[in-house]
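Fold and contact review
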Amino acid sequence: MEKQQRPVFLDIPKLGSKMSIMAKISILHRISGVLMFLAIPLVLILFHESLTNSQFYQSCYTIASFPITKLIYLVLIWSIMHHMCAGVRFLFLDIHRGIERETAKKTARVVLVVSLLLTIAVGALIW
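So, a few notes on the structure that sits alongside this text.

**Topic: the packing of aromatic side chains**
- A full pass over the atoms with the stated rule returns one aromatic pair.
- Lying across the ring of Trp-127, Lys-70 places its NZ or CZ 5.5 Å from the centre.

**Observations concerning the environment of Tyr-57**
- Mapped onto the secondary structure, Tyr-57 falls in helix 3 (residues 54–63).
- C-alpha of Tyr-57 to C-alpha of Phe-37: the two residues are 20 residues apart in sequence and 23 Å apart in space.

**Looking at the nonpolar core**
- Within the largest apolar cluster, seven residues are counted, these being Met-22, Ile-25, Cys-85, Ala-86, Ala-104, Ala-108 and Val-111.
- Listing elements by their share of this core, those giving two or more residues are helix 2 (21–52), helix 4 (67–94) and helix 5 (101–126).
- Broken down by element, the residue count for this core peaks at three residues, all from helix 5.
- Residues within four places of Cys-85 in sequence aside, it is in contact with Val-111, Val-114, Ser-115 and Leu-118.

**Some details on a nonpolar patch on the surface**
- Residues Met-84, Val-88, Phe-92, Ile-95, Val-110, Val-114 and Leu-118 make up a contiguous nonpolar surface patch of about 590 Å² in total accessible area.
- Secondary-structure elements contributing two or more residues to the nonpolar patch are helix 4 and helix 5.
- By secondary structure assignment, the location of Val-88 is in helix 4.

**A word on unusual backbone geometry**
- Even without being glycine, His-96 reaches a positive phi, approximately 65 degrees.
- Within the secondary structure, His-96 is located in the loop between helix 4 and helix 5.
- Residue His-96 is classed as exposed on the basis of its relative accessible area, which comes to 56%.

**Details of the packing of helix 4 against helix 5**
- Two elements in contact, helix 4 and helix 5, have axes whose closest approach is 8 Å; the angle formed by their N-to-C orientations is 145 degrees. Along this stretch, helix 4 crosses helix 5, giving a crossing that reads as right-handed. In contact with Lys-70, Tyr-73, Leu-74, Ile-77, Trp-78, Met-81, His-82, Met-84, Cys-85, Ala-86 and Arg-89 of helix 4, helix 5 contributes Ala-104, Thr-107, Ala-108, Val-111, Val-114, Ser-115, Leu-116, Leu-118, Thr-119, Val-122, Gly-123 and Ile-126.
- A class-by-class count of the residues in the contact of helix 4 with helix 5 yields 16 nonpolar, five polar and two charged.

**Quick notes on helix 5**
- If you check helix 5, its first and last C-alpha atoms are 38 Å apart, about what 26 residues at 1.5 Å a residue would give, namely 38 Å.
- Residues of helix 5 that are buried include every one of Ala-104, Ala-108, Val-111, Ser-115, Thr-119 and Gly-123, and no others.
- Those residues of helix 5 that are buried lie in contact with helix 2 and helix 4.

**Some remarks on the side chain of Thr-119**
- With respect to the element layout, Thr-119 can be found in helix 5.
- Among the residues examined, Thr-119 registers a relative accessible area of 9% and is labelled buried.
- Among all residues touching Thr-119, those that are not within four sequence positions of it are Leu-74, Ile-77, Trp-78 and Met-81.

Calculation notes
Residues numbered from 1 in each chain as written. Predicted model: local features only at pLDDT ≥ 70, side-chain atom pairs only at ≥ 80, totals over all residues. Heavy atoms only, no water. Phe/Tyr/Trp six-rings, centres within 6.5 Å; stacked < 30°, edge-to-face > 60°. Lys NZ or Arg CZ within 6 Å of the ring centre and 35° of its normal. Helix = DSSP H or I, 4+ residues; strand = E, 2+ residues; numbered from the N terminus. Core = buried A, V, L, I, M, F, W, Y, C linked by side-chain atoms within 4.5 Å. Buried < 20%, exposed > 50% of the residue type's maximum accessible area, 1.4 Å probe, protein only. Contact = heavy atoms within 4.5 Å. Patch = residues over 30% accessible without salt bridge, like charges linked within 9 Å, V, L, I, M, F, W, Y side chains within 5 Å. Areas by Shrake-Rupley, 256 points an atom, 1.4 Å probe, with all protein chains shown as cover. Salt bridge = Lys/Arg side-chain N within 4 Å of Asp/Glu carboxyl O. Axes fitted to C-alpha atoms, helices over the stretch in contact; angles between N-to-C directions. Left-handed = near helix turned anticlockwise from the far one by under 90°. Nonpolar A, V, L, I, M, F, W, Y, C, P; charged D, E, K, R; others polar. Expected span 1.5 Å × (residues − 1).

Next up, the structure:
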């Protein structure tokens, strides 16, 4: 008689604490890519409407000053900055530069710090 496969409970917080910084950067790179992909239709609609309708542009300008809208902007800015920085890191890994374990850890930390600093710098302009 065969033993039946049962679902496995994945304790995500416990699993995340055991992951290396390199794995976390990789997962954040994917998350940032998904966020940017999901934002494309919204950005295109807003851009089109703001160019064709001046009244819509004024209402968007008013909505853009709300704190929740600025928070959404910060998340999108972070996703762009992180995706860009991690993408450059992955390009170097693809050409076999920085693949040593210690170097890979250092570059992962650099990606995290630089993307956050760029987000703060660009976010300061909109806040």
